[in-house]
Amino acid sequence: MRKEIIQFEWKHWFLRPMTLLLMFTWVAVLTATYAVSNAVTKQTRSGQQKLLSAQQLKRTAHLAQVDSFWAGFKKPADVWGDPTNAYVTGLDYGRRYLVKHPLPLAPISYGHSHIHPGIATINTAAENWFIALRKSEKLINPHNSIWGNIDPAGAILFLLPLLIVVFSFNIISAEREAGRLSILAAQGVSIQQWIWHKTGFRFLAITLITVLTLLTNHWLLSGTSGSGGMAMTGFVIAVALYSGWWHLLCALINLYKKSAAFNAGFLFATWIAFLMVIPGLTTVIGTAVRPTAGKVKLIDEVRSTLTAFDRKNSQLLDQFYTDHPRFVTTDSANVMPLFVYRYIVKYMHTLDTLSPVMSEYKKEALQQAHAVMYTSVISPSMIFQELADEFAGNSQTQFLLFQQQADSMVRSWNDYINPKALANQQLGREVLNTLTDRVYATKISAGKVWWLTGGMLVWLAVLLLLVIRRTGKFTVI
């Protein structure tokens, strides 16, 4: 009986021209979205590499100038041309980068990569103190953002359920309305087997086509076939669970013996609820439960701190040298203009004032991201999006942790350079040789993956139990 049902589905469903056309269109959509997102990812990697290479060349040339200076071959005309000057080194020559390289599965999901920068500048410039306040960023709350540029994960999130609904909204009602169920029952066919095999065959067909298309594009286009194996396995499982949930939902609504029109309307309403309404509500709830200071407020805090210092900068500069006499220089040849010392003390004071504020902001942002992760289990669509972002290395939490490390490196560099600049100290090759760019190791949170996968399994188990129960009570009449 199983063989006959599968043969019937193959001939009268899968090989229908409309089914083949929709399947071909689905494969084309996945291929196109992957090609575009993969090109963006490669462009990001290339841009990062060019920036690092240019800085390395600049660093090498600077070391040659330092050697020439200490050897006495070249003496600068003033402090600004001194390659060993601590202030100039901290601001320009000693510039470094912390880079968050895209993971192998980055083309799968953009996640928050269009909101947060993946490269941080490590120097003493005030605009690079806190990466969360970079001027290029959008002043919005990006937590749990379900909209964005369409990528393969977005295509699966929004379009795969619609494809399943189109194929399965009348998977039983069409047979019942056409009178074929009565004929099958009269011939001794198990209606329960008919339901399970039809649903199972369509689930396998759509899921396999989706997964194979993604794997083929990943291997052919990304050039990372030998990496990201565990993450890809996890993503494939997430796709299968998400597809299975929508297939079971279609089967369940058909088991209530409603009309095909009612089934289509109910399933479309469910699609709207789980992909648009619930994510919006959870964002509002998450922001209310775990509020964070807006970036506009934080920027105002920076401005007010700088303004307050400007009113009394001379007093604070004199007080600073009184409290730290070791920084007072007697070598007039190396003395920089007074405004530079005021600038350094001003921003040292501002950095000390704002660091606790920003630490609290980052703490609240992480708490909000974790709250969103826990509430994501109320929607299978949100679970799938969170899993896709995590496997791609572009989740909100992953970027917040990157920002934490970048801000820590910037603070350490300022704490090291600024006192030396105030004391007019000169830096040698032994210090400059340690200045190298760093690559941030993005980690996939196993705890988050297990939590979200467990939530998806619970949703799947609930639907499976309901379908089993309704199937046992289903009658032809």
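Along each chain, residue indices are assigned from 1 in the same order as the chain's sequence is written. Reporting in this predicted model follows two pLDDT cut-offs: at least 70 for local features of residues, and 80 or more for side-chain atom pairs to be given and counted; totals over whole chains, interfaces and linings ignore these cut-offs and use all residues. Derived side-chain values reflect all non-hydrogen atoms in the structure, with water molecules and hydrogen atoms excluded from consideration.

As a further point, take the confidence of the model for the protein. Confidence of the predictor in every single residue is expressed as pLDDT, which spans 0 to 100. Of all residues in the protein, 82% attain a pLDDT of 70 or more, and the chain-wide mean is 82. Strands here mean DSSP runs of E at least two residues long; helices mean DSSP runs of H or I at least four residues long; both are numbered from the N terminus. Averaged pLDDT values for the elements of the protein fall to 65 in helix H11 (residues 313-323) and rise to 95 in helix H4 (residues 152-168). Contacts were defined at the residue level, with two residues in contact if any of their heavy atoms lie within 4.5 Å. Across residues 135-148, confidence stays below pLDDT 50; counting only partners more than four residues off in sequence or on other chains, it has 39 contacts.

Structurally, Asp151 can be placed in the loop between strand E2 (119-122) and H4. Lys100 is the oppositely charged side chain nearest to the buried, salt-bridge-free Asp151, at an N-O distance of 13 Å. If near-sequence neighbours (up to four positions away) are discounted, Asp151 is found in contact with Thr33, Ser37, Pro107, Ile108, Ser109, Tyr110 and Gly111. Between buried and exposed lies partly exposed: a residue is buried under 20% and exposed over 50% of the maximum accessible area for its type, with that area taken using a 1.4 Å probe on protein chains only. The convention is simple: Lys and Arg are positive, Asp and Glu are negative, and His and the chain ends are not counted. In the sections that follow, a salt bridge refers to a side-chain nitrogen of Lys or Arg positioned within 4 Å of a carboxyl oxygen of Asp or Glu.

Burial along strand E1 (residues 96-99) is two-sided: the residues Arg96 and Leu98 and Tyr97 and Val99 are all buried. Any two strands with at least two DSSP bridges between them are considered paired. Taken together, the two bridges between E1 and strand E3 (residues 438-439) define a ladder with parallel strand orientation. Within the sheet, the bridge partner assigned to Leu98 lies in E3 and is Arg438.

Here the focus is the packing of helix H1 (residues 2-14) against helix H7 (residues 191-222). Interaxial angles span 0 to 180 degrees and are taken between N-to-C directions of axes, which are lines fitted to C-alpha atoms, for helices over the stretch in contact. Interhelical geometry of H1 versus H7 gives an angle of 55° and a closest axis separation of 10 Å. As far as their axial angle goes, H7 and H1 are oblique. Handedness of the H1/H7 crossing: right-handed. Along its contact with H1, which presents Arg2, Ile5, Ile6, Phe8, Glu9, Trp10, Trp13 and Phe14, the element H7 presents Gln193, Trp194, His197, Lys198, Phe201, Arg202, Ala205, Ile206 and Ile209. Every angle not falling under 35 degrees, over 145, or within 65 to 115 is termed oblique; those three ranges are roughly parallel, roughly antiparallel and roughly perpendicular. Should the near helix be turned counterclockwise from the far one by less than a right angle, the crossing is left-handed, whereas a clockwise turn marks it as right-handed.

Moving on to the environment of Glu301. Its location among the elements puts Glu301 in helix H10 (residues 295-311). C-alpha separation for the pair Glu301 and Val357, spaced 56 residues apart in sequence, amounts to 8.9 Å.

Time to look at the pattern of salt bridges. Counted by the stated rule, this structure contains nine salt bridges. Residue Arg202 pairs with Glu9 through a salt bridge whose shortest N-O separation is 2.7 Å. Taken together, the positions of Arg202 in helix H7 and Glu9 in helix H1 put the pair 193 residues apart, joining distant regions of the chain. Summarising the burial analysis for this pair, Arg202 and Glu9 share the class buried. Across the pair Asp415 and Arg411 runs a salt bridge, and its minimum N-O distance is 3.0 Å. Of this pair, Asp415 and Arg411 both sit in helix H14 (residues 396-422), four residues apart, roughly one helical turn. When its relative accessible area of 43% is taken as the criterion, Asp415 is described as partly exposed. A single salt-bridge network, built from bridges that share partners, covers Glu9, Lys198 and Arg202.

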